[in-house]
Amino acid sequence: MANTGTRTLRLLSLLQTHRYWPGAELAARLGVSVRTLRRDVDRLRELGYPVEAQRGAEGGYQLAAGAVLPPLVIDDEEAVALAVGLQTAASGAVEGIAESSVRVLAKVAQVMPARLRRRVEALRAMTVPADWGGAGGAPGTGIDADVLTAVALACRDGEALRFSYTAADERRGDRHVEPLRLVCLGRRWYLVAYDLARHDWRIFRVDRIEAPHGTGEAFRPRELPAADAAAFVRTRLREQPRPHRIDVLVDARAAAVRERIGRWSTVEETGPGRCRVRMTADSLQWPIMALGSLGADFRVIGPPELLDEIRAWGVRFGRAGRASEDEAEANGDDEAEAGAAGE
């Protein structure tokens, strides 16, 4: 049986899809007794949903005609998750649903409690969806929902922001900025802001921001030196130095490799069933994972440190494989001994 919260949500969904449900049929759909159904209906009423009941042997339930449903009952994290999911879909990541996602996000925000609606609408209004246009990108990193919404609110309210930031070289420091927009690019989120200490525009990865808080200082947005925030982020990322230049020959068709990792690399066909892959990276971990995901043999042309890292990975994987084999063999011996003892 589903837990009470899940069942209550399902009951609400069923009542919204049919004008009228006979009690016995509704209970059967939920897999509960008629008595449990009555308790679930009472729970919906306590939450403010107008459920009408018809008594008697043929009795049943329905939502009151023309009633306005109360605010959507979700918590803060669920509200942000919903907004982020729809915002990502609106960026065109899934073909054919971008426009629908924008409409749904706008509608859902209207039935949220005012406090949550403020957070979600700030995130929606202050986020600029973007894509690489086939030029590449990087896999994303998890971010804190509270950080994301705090930054979005500061952008919307035109309030200066302070936070702790960990740069790419692992150095940490405090930043004082005038936040402009959030940009969702690939699976990463970036803040475009004017750095008041450095007197220049900067981009900040949101997953590296900690403890953001408004300062109460209002500001008038400065003119961004780009067509929009998304264009600014793409330009800055392309300008960033990437210390590792990867060059690899892969025993696989170029089309198959492009489909798999083409967003993050340049793939050139060099012969039947063979191609050359080039990419730049700020660490060697991602290229190794990308190449491993191809399921094909490859030969490293450069750099030498990539070969060293692959060998180190191979040693670790080899140890893991041997440990698993030893454990399986030990378990097999134990089972054999147990079987012999039982004879």
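Residues numbered from 1 in each chain as written. Predicted model: local features only at pLDDT ≥ 70, side-chain atom pairs only at ≥ 80, totals over all residues. Heavy atoms only, no water.

Chemist: Would you take a moment to explain the overall build of the protein for this structure?
Modeler: If you tally the helices and strands in the protein, you get 11 helices and 13 strands. Relative to its 343 residues, the protein shows a buried fraction of 38%. When the accessible surface of the protein is totalled, it reaches about 19600 Å², and 50% of it is carbon and sulfur. (Helix = DSSP H or I, 4+ residues; strand = E, 2+ residues; numbered from the N terminus. Buried < 20%, exposed > 50% of the residue type's maximum accessible area, 1.4 Å probe, protein only. Areas by Shrake-Rupley, 256 points an atom, 1.4 Å probe, with all protein chains shown as cover.)

Chemist: I tried to follow the pairing of strand E3 (residues 60-63) on my own but got confused; where do I start?
Modeler: Side chains on a regular strand alternate between the two faces of the sheet. Along E3, one buried face is formed by Gly 60 and Gln 62 and the opposite face, lined by Tyr 61 and Leu 63, is buried too. Here strand E1 (residues 21-22) runs beside E3; their pairing, made up of two bridges, is antiparallel. Directly across from Trp 21, in E3, lies its bridge partner Tyr 61. Here strand E2 (residues 51-54) runs beside E3; their pairing, made up of four bridges, is antiparallel. The residue of E3 that forms the bridge with Ala 53 is Tyr 61. (Pairing = 2+ DSSP bridges.)

Chemist: Looking at this model, I keep getting lost on the side chain of Arg 175. Mind explaining?
Modeler: Looking at where Arg 175 falls in the secondary structure, it is placed in strand E6 (residues 172-185). When its relative accessible area of 13% is taken as the criterion, Arg 175 is described as buried. A distance of 3.3 Å separates the side chain of Arg 175 from the side chain of Asp 195, its partner in a polar contact. Not counting residues within four places of it along the chain, the set of residues in contact with Arg 175 comprises Leu 161, Arg 162, Phe 163, Tyr 165, Asp 195, Arg 198 and Phe 204. (Polar contact = N/O pair within 3.5 Å; in protein donor to acceptor, adjacent residues only side chain to side chain. Contact = heavy atoms within 4.5 Å.)

Chemist: Please clarify how the pattern of salt bridges should be interpreted in this entry.
Modeler: If charged atoms from side chains of opposite charge come close, those side chains can pair. The full count for this structure, using the stated rule, is 14 salt bridges. A salt bridge links Asp 40 to Arg 43; the nearest nitrogen and oxygen atoms lie 2.7 Å apart. You can see Asp 40 and its partner Arg 43 sitting in helix H3 (residues 34-46), three residues apart, about one turn around the helix. When its relative accessible area of 1% is taken as the criterion, Asp 40 is described as buried. Between Arg 276 and Asp 247 there is a salt bridge whose closest N-O contact spans 2.7 Å. In this pair, Arg 276 sits in strand E12 (residues 274-281) while Asp 247 sits in strand E10 (residues 244-250), placing the two residues 29 residues apart along the sequence. Each of the salt bridges in this network shares a partner with another, and the network as a whole consists of Asp 247, Glu 268, Arg 276 and Arg 278. (Salt bridge = Lys/Arg side-chain N within 4 Å of Asp/Glu carboxyl O.)

Chemist: What exactly am I supposed to notice about the packing of aromatic side chains here?
Modeler: Evaluated as defined, the whole model comprises six aromatic pairs. Taken together, the ring pairs in this structure connect Phe 163, Tyr 165 and Phe 204 into an aromatic cluster. Arg 222 extends its terminal NZ or CZ atom over the ring of Tyr 194, reaching a point 3.9 Å from the ring centre. (Phe/Tyr/Trp six-rings, centres within 6.5 Å; stacked < 30°, edge-to-face > 60°. Lys NZ or Arg CZ within 6 Å of the ring centre and 35° of its normal.)

Chemist: Sorry, what's going on with the sheet that holds E12 here?
Modeler: Within a beta sheet, neighbouring strands are joined by backbone hydrogen bonds and run either parallel or antiparallel to one another. Spatially, E11-E12-E10-E13 is the arrangement adopted by the four strands of the open sheet, whose pairing is antiparallel. Lying at the two open borders of the sheet, with one neighbouring strand each, are strand E11 (266-271) and strand E13 (298-302). In this sheet, neighbouring strand axes are inclined to one another by 25 degrees on average, regardless of whether the strands run parallel or antiparallel. Inspection of the sheet shows E10 paired to E13 by four bridges, in the antiparallel sense. Pairing of Val 248 across the sheet is with Val 300, part of E13. (Axes fitted to C-alpha atoms, helices over the stretch in contact; angles between N-to-C directions.)

Chemist: Help me understand a positive patch on the surface, please; the structure alone is not making it clear to me.
Modeler: A contiguous patch of positive charge, built from Arg 35, Arg 38, Arg 39 and Arg 55, is present on the exposed surface. With respect to the secondary-structure elements, Arg 38 resides in helix H3. (Patch = residues over 30% accessible without salt bridge, like charges linked within 9 Å, V, L, I, M, F, W, Y side chains within 5 Å. Lys, Arg positive; Asp, Glu negative; His and termini not counted. Charge placed at Lys NZ, Arg CZ, Asp CG, Glu CD.)

Chemist: Explanation requested: the sheet that holds E2 in the structure shown.
Modeler: If you trace the three strands from one edge of the open sheet to the other, you get E1-E3-E2, paired in antiparallel fashion. Because the sheet does not close on itself, it has two edges, and the strands there are E1 and E2.

Chemist: I keep staring at unusual backbone geometry and nothing clicks. Help me out?
Modeler: For residues that are not glycine, phi is negative in most cases, and the peptide bond is trans in most cases. A cis amide bond, omega 0 degrees, links Gly 302 with the succeeding residue Pro 303. With phi around 55 degrees, His 199 is a residue other than glycine that occupies positive phi space. Of note, His 199 is situated in the loop between strand E7 (188-195) and strand E8 (200-205). Unusually for a residue other than glycine, Ala 211 sits at a positive phi of about 50 degrees. Note that Ala 211 resides in strand E9 (residues 209-218). The exposure class of Ala 211 is exposed, given its relative accessible area of 57%.

Chemist: What am I meant to see in the confidence of the model for the protein here?
Modeler: When the pLDDT values of the protein are averaged, the result is 79; 73% of them are 70 or greater. Element-level pLDDT for the protein is lowest in helix H5 (residues 98-110), with a mean of 58, against a maximum mean of 95 in strand E5 (residues 159-166). Note on residues 134-140: pLDDT is under 50 here. Beyond four places in sequence and across chains, it has 17 contacts. (pLDDT = per-residue confidence, 0-100.)

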